[in-house]
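Coordinate analysis (summary)
In case you want the letters, here they are:
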Amino acid sequence: MSPLTALLSALRSGQVELIDLTAPLTSTTPVLQLPDPFADTIPFRLEEISRYDERGPRWYWNDIHTGEHTGTHLDAPVHWISGRDGLDVSQVPLRSMVAPAVVLDMSERVAKDPDFLLTVDDVRAWQREHGDGHGDLELPDGGWLLYRTGWDVRSADQADFLNADAEGPHTPGIAPDCARWLAQETPLAGLGVETVGTDAGAAHGFTPPFPCHDFLLGAGKFGLTQLQNLGRLPVTGAVLVVAPLPIVGGSGSPARVLAMVDQTGEQTGEPTGGRTGGGDA
Ligand code: MN
C-alpha cells in the first residue's frame, strides 16, 4: 500500500484522527491590543457583497477585513526586526508546515499564576519525565513545540483572553532565557501557544522586550498563536498541519491548523489530559 493510501485509509477508519486547533474567525475573535502609542490591528469582519439578492441573485459572498495577526495565525520571521532579512509568510517552507509536534502542558501552573513564565528547567524536567527509557524526550528536529497553558478556555471573550488591568495584560509566556534557548539551541521549526501572541502579557517589560518574537523569529523560526484543543493531543506523536495564506511580503497570516493523531496507541505517548474543549468529536 502506498503511504498516501495508508494515510487515507487510517483517516477513514479513525485510526488517525484529525483535530482542529484553530479558533473560529468572527468579529469577536480576540485580537492583540498594544499600549499607546503603538498602532493596532483591526478585528476580523465580513462585508457582504451579495446574498441571493439584486446584487447577486443566485450567490452569497463576502469581502473579509482582517489583520495578518488575527485569530489563530502564523508569525513569519520578517514580522520582527531581528528577522527583518528573513522569510515572509509566502516563503515559509511547506516542510515546516507539515511536521511533528510535542505538547508541553503547564496548565496547572498557569491556573495558579496567569503570569507564569516557562523556564529551561521546566522544559528539561518535562523532557526527563517523558523520556522513553533510552533517554530524555527530544524536541523534534524541524518540528513544533506546542505550549499548553489552558488559556484556550478564555478565547471566546476578548477581556478574559487579554486579562489586562492597569498594569497591562496578565497572560502566560516564556522566560527570556528559555526563549533564547528554544530559538538558538534546539532544532525546532517553531513554537505554538494558546495565547494572543507567543510572548507573555508582561513581555513588553522583559529584556529583550518580547523575547519569543525577538529570539525565535530572529533565528528564522515561526510562531503560531491562539491554538485550541491542545489538551486533546498526546505529548508526542502528533503531526501538525499549518496552512497560512501565501501573502506576498506578508509578516504573518491567519492559518488553519490541524493535528493528525494516531489513535491506535502504537506510536503516541501519554495523553496530556486536562482537556478543556467539548470532548470527543
Ligand atoms: Mn502575531
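Residues numbered from 1 in each chain as written. Predicted model: local features only at pLDDT ≥ 70, side-chain atom pairs only at ≥ 80, totals over all residues. Heavy atoms only, no water.

**What about the overall build of the protein?**
So the rule is basically this: Counting from the N terminus, the helices are DSSP H or I runs at least four residues long and the strands are E runs at least two residues long. In this setup the radius of gyration rests on C-alpha atoms only. A globule is expected at 2.2 Å times the number of residues raised to 0.38. The cut-offs for exposure are 20% and 50% of the maximum accessible area for each residue type, with area from a 1.4 Å probe on protein chains only; residues under the lower value are buried, those over the upper are exposed, and the others partly exposed. We call two residues contacting when some pair of their heavy atoms lies within 4.5 Å. Working definition of accessibility: Shrake-Rupley area with a 1.4 Å probe, residue cover restricted to the visible protein chains.
Scanning the protein from N- to C-terminus turns up 7 helices and 14 strands. Taking 19 Å as the expected radius of gyration for a compact globule of 281 residues, we find that the protein reaches 19 Å, a close match to that expectation. Projected onto its principal axes, the C-alpha coordinates of the protein cover approximately 70 × 55 × 40 Å. Looking at the protein as a whole, 45% of its 281 residues are labelled buried. When contacts within the protein are restricted to residue pairs at least 6 apart in sequence, long-range pairs at least 24 apart make up 72% of them. Surface exposure of the protein reaches about 14200 Å², of which carbon and sulfur atoms provide 54%.

**Some remarks on the packing of aromatic side chains**
Just so we agree on the cut-off: Aromatic rings from Phe, Tyr and Trp, taking only the six-membered ring of Trp, are treated as a pair when their centres fall within 6.5 Å; an angle between ring planes under 30 degrees marks them as stacked, one over 60 as edge-to-face, and anything in between as tilted. Whether a charge sits over a ring comes down to the Lys NZ or Arg CZ being within 6 Å of the ring centre and within 35 degrees of the ring normal.
For the structure on display, the rule yields 2 aromatic pairs. Ring centres of W80 and F210 lie 5.7 Å apart, and the angle between their planes is 70°; this geometry places the pair in the edge-to-face category. Placement of the pair is W80 in the loop between β4 (73–75) and α2 (94–97) and F210 in the loop between β11 (190–193) and α7 (211–218), with a sequence separation of 130 residues. Over the face of the ring belonging to Y60 we find R51, whose NZ or CZ atom lies 4.0 Å from the ring centre. Over the ring of W151 we find R154, and its NZ or CZ is 4.0 Å from the ring centre.

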